[in-house]
Amino acid sequence: MKQPDVSAPKAAVLGIQHLLAMYSGSVLVPILIGSALKFSSEQMTYLVSIDIFMCGIATALQVFGNKFFGIRLPVVLGCAVQAVAPLILIGQKFNIQTMYGAIIAAGVFVALIAGPFAKLRRLFPPLVTGSLITVIGLSLIPVAFQNLGGGNVAAKSFGSGANVLVGMATVLLILAFNVWGKGFVRSIAILIGLIGGTVLAGAFGMVSFQPVIAASWFHVPTPFYFGTPRFEWSSIATMILISLTSMVESTGVFFALGDVVERKITSEDLKKGYRAEGLAVMLGGIFNTFPYTTFSQNVGLVQLSGIKTRKPVIFSALFLVLLGLLPKIGALATIIPSPVLGGAMLVMFGMVAVQGIRMLQQVDFHNDKNLLVAAISIGLGLGVTVQPQIVQFLPKTLQLLFSSGILLASVSAVGLNLLFNAKTPPAELPEADGLNEGAAPAASGKGGNHD
């Protein structure tokens, strides 16, 4: 369904909103890894700047697309948070060059497996996809609350009255402008909430311009900045497994966005989406950043804004590239305090979870088997997210996998659905129909529900 066009100035503002929604989560990855590996301040500056730059390039690969790669949905790509722990382990056990060699190899693997993996799309009917998206949204809520409390749970100020007040004020601002705002103002409710929350936080002395002062004015991306990559089999195997986790998560996000923009997602779409991510991961390794994946929080943003075209995300990609080249300007986005980001995240992650619930609406839950598939999968996904120590006695590689609630939920949902429903599969759908909401067979008695 063709969406109404959006003027360039409005699309640019919406692009800034997308950028701010993903910025902190993406910048956090190089900060965590660089700090753990004892990078110098100069190396950290490079790491953050090139990360921002490559987020723009990775997003552009997906948004523009061509006959070989790119899903052409309003998706934003950022650093894969699930890669943080394994990359730190590889960097500490071996060296930085081995870490980047593993990233490059994983990117090649994703690009090569894109076609066969896309053909597994029938493993992701609404029952599986809806459960997965629900887990993605709900498992991120604790992250939102951690930020809302101040970011660092060990800090004495965590959960202070000022932090909670600023975070909840941000939520209320977003709600107010989304409910009572009109037209374009309503579509940028998240951006208004972020700006208003930051101004309020400034009144409490919670805003520091030191990152802007310390940042340089210009930065040039440099391939193999940290040296020639080295390839070690166990490191490569670990990153391939992590990449498979990212592909599963991206599958859920692609279907969720397809539902939001009322577009059927086919295996060809998935293949080009995976290939773009594989290419982005390869470029991340070459330019010494990190693996990239589709960010789920931006699904909620598309739903909230009501603007479903790719134009805002195209501007977002352009801004990310520019900010990566101009670190001092890019540092402006880092002054947003954690409680403000937490408030915005609470709204966006909640929207992602509800999007999953909407997709589950078309499932026949009078059938106890379907009820069990969703119940157990969502339970497992949320359980391991809340209590990751449950897998502490497994080997390290398995810990990395099974501590991911998203991966555990997807494995459970796919496996249980095949076990319970293999003998009564849904009617075959034409290739062009895809599997997102609205593609359920008519025999189910449940049609799509596009708002």
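Residues numbered from 1 in each chain as written. Predicted model: local features only at pLDDT ≥ 70, side-chain atom pairs only at ≥ 80, totals over all residues. Heavy atoms only, no water.

Summing up its helical and strand segments, the protein chain has 18 helices and two strands in all. Here the analysis covers contacts within the protein chain between residues at least 6 apart in sequence; of these, 84% occur between residues at least 24 apart. Of the roughly 18,700 Å² that the protein chain leaves accessible, carbon and sulfur atoms contribute 69%. (Helix = DSSP H or I, 4+ residues; strand = E, 2+ residues; numbered from the N terminus. Contact = heavy atoms within 4.5 Å. Areas by Shrake-Rupley, 256 points an atom, 1.4 Å probe, with all protein chains shown as cover.)

Turning to the packing of helix α5 (residues 126-149) against helix α18 (residues 405-421), a few remarks are in order. It is the contact of α5 with α18, at a shortest axis distance of 9 Å, that shows an interaxial angle of 160°. By the criterion of interaxial angle, the relationship of α5 to α18 is roughly antiparallel. Crossing angle aside, the handedness with which α5 passes α18 is right-handed. Together, L127, V128, L132, V135, I136 and S139 of α5 and G405, I406, A409, S410, A413, V414, N417 and N421 of α18 make up the contact between the two elements. Residue classes in the contact of α5 with α18 are distributed as nine nonpolar, five polar and no charged. (Axes fitted to C-alpha atoms, helices over the stretch in contact; angles between N-to-C directions. Parallel < 35°, antiparallel > 145°, perpendicular 65-115°, else oblique. Left-handed = near helix turned anticlockwise from the far one by under 90°. Nonpolar A, V, L, I, M, F, W, Y, C, P; charged D, E, K, R; others polar.)

Taken as a whole and assessed by the stated rule, the structure comprises three salt bridges. The shortest N-O distance in the salt bridge between D259 and R358 comes to 3.1 Å. Residue D259 is found in helix α10 (residues 233-260), and its partner R358 is found in helix α15 (residues 338-360); the two are separated by 99 residues along the sequence. When sorted by exposure, D259 lands in the same class as R358, which is buried. For the salt bridge of K271 with E268, the shortest nitrogen-to-oxygen distance reads 3.2 Å. In this pair, K271 and E268 are both assigned in helix α11 (residues 267-286), three residues apart and thus about one turn of the helix distant. Take K271: its relative accessible area is 18%, and that puts it in the buried class. (Salt bridge = Lys/Arg side-chain N within 4 Å of Asp/Glu carboxyl O. Buried < 20%, exposed > 50% of the residue type's maximum accessible area, 1.4 Å probe, protein only.)

Nonpolar side chains collect at one region of the surface, where W217, F218 and V220 lie side by side and expose about 390 Å² of accessible area between them. Mapped onto the fold, V220 is located in the loop between α9 (210-214) and α10. (Patch = residues over 30% accessible without salt bridge, like charges linked within 9 Å, V, L, I, M, F, W, Y side chains within 5 Å.)

For an α-helix the count is 3.6 residues per turn, leaving residues at separations of three or four pointing the same way. If you check helix α6 (residues 161-180), its first and last C-alpha atoms are 27 Å apart, about what 20 residues at 1.5 Å a residue would give, namely 28 Å. For α6, every residue scored as buried is listed here: N163, V166, G167, A169, T170, V171, I174 and N178. (Expected span 1.5 Å × (residues − 1).)

This part is about the packing of aromatic side chains. Inspection of every chain in the model, using the stated rule, returns six aromatic pairs. On the basis of an interplanar angle of 10° and a centroid distance of 6.0 Å, the ring pair of Y100 and F226 is categorised as stacked. Placement of Y100 in helix α4 (residues 96-118) and of F226 in the loop between α9 and α10 is noted, with a sequence separation of 126 residues between them. In this pair, the class of Y100 matches that of F226, namely buried. Three or more aromatic residues joined by ring pairs make a cluster, and in this case those are Y100, Y225, F226 and F290. (Phe/Tyr/Trp six-rings, centres within 6.5 Å; stacked < 30°, edge-to-face > 60°.)

Counting residues in hydrophobic clusters, the biggest one holds 108 residues, and the most contacted among them are I33 and F290. Beyond its immediate sequence surroundings of up to four residues, F290 is in contact with V29, P30, I33, L47, C79, L87, M99, Y100, I103 and G284. The next biggest cluster of nonpolar side chains, apart from the first, holds nine residues, and it includes V135, L360, V363 and V373. (Core = buried A, V, L, I, M, F, W, Y, C linked by side-chain atoms within 4.5 Å.)

With that settled, the discussion passes to the environment of V108. By the element assignment, V108 lies in helix α4. Put simply, V108 and L279 are 171 residues apart on the chain and 7.3 Å apart in space, counted from C-alpha to C-alpha.

Attention now moves to the packing of helix α8 (residues 189-203) against α15. Running from amino to carboxyl end, α8 crosses α15 at an angle of 155°, the nearest separation of the two axes being 9 Å. Here α15 runs roughly antiparallel to α8, going by the angle between their axes. Where α8 crosses over α15, the handedness of that crossing is right-handed. Side by side, α8 and α15 meet where I190, G193, L194, G197, T198 and A201 of the first sit next to V340, L341, A344, V347 and M348 of the second.

Residue placement: T198 occurs in helix α8. Overall, the relative accessible area of 13% leaves T198 in the buried class. In this structure, the C-alpha to C-alpha distance between T198 and S338, residues 140 residues apart in sequence, is 9.6 Å. Discounting residues that sit within four places of it in the chain, T198 has contacts with V207, I336, P337 and V340. Within the structure, the side chain of T198 is placed 2.7 Å from the backbone oxygen of L194, a separation counted as a polar contact. (Polar contact = N/O pair within 3.5 Å; in protein donor to acceptor, adjacent residues only side chain to side chain.)

Under the criterion given, the structure shown has zero disulfides. Distance from the sulfur of C55, which forms no disulfide, to the nearest cysteine sulfur (C79) is 5.0 Å. Overall, the relative accessible area of 1% leaves C79 in the buried class. (Disulfide = S-S within 2.5 Å.)

Further remarks concern unusual backbone geometry. With a phi close to 60°, R72 is a non-glycine residue in the positive phi region. Considering the arrangement of structural elements, one finds R72 in the loop between α2 (41-64) and β1 (77-79).

All right, on to the confidence of the model for the protein chain then. As a general rule, the predicted coordinates of low-pLDDT regions are not to be interpreted in detail. For the protein chain, per-residue confidence averages 79 on the pLDDT scale, and residues scoring 70 or more make up 85% of the total. Contacts from residues 426-451, a stretch scored under 50 in pLDDT, to residues over four places away or in other chains number 61 contacts. (pLDDT = per-residue confidence, 0-100.)

Taking 1.5 Å of rise per residue, 17 residues should cover 24 Å, and α18 covers 23 Å from first to last C-alpha, within 8% of that figure. Burial runs high along α18: 12 of the 17 residues are buried. All of the buried residues along α18 are G405, I406, L407, L408, A409, S410, S412, A413, V414, L416, N417 and N421.

Below, the discussion takes up the side chain of K272. Turning to its location among the elements, K272 is positioned in helix α11. No salt bridge is formed by the buried K272; its nearest oppositely charged neighbour, E268, is found at 5.0 Å. Discounting chain neighbours no more than four positions away, the residues touching K272 are Q62, N66, K67, F68, F69, G70 and I71. (Lys, Arg positive; Asp, Glu negative; His and termini not counted.)

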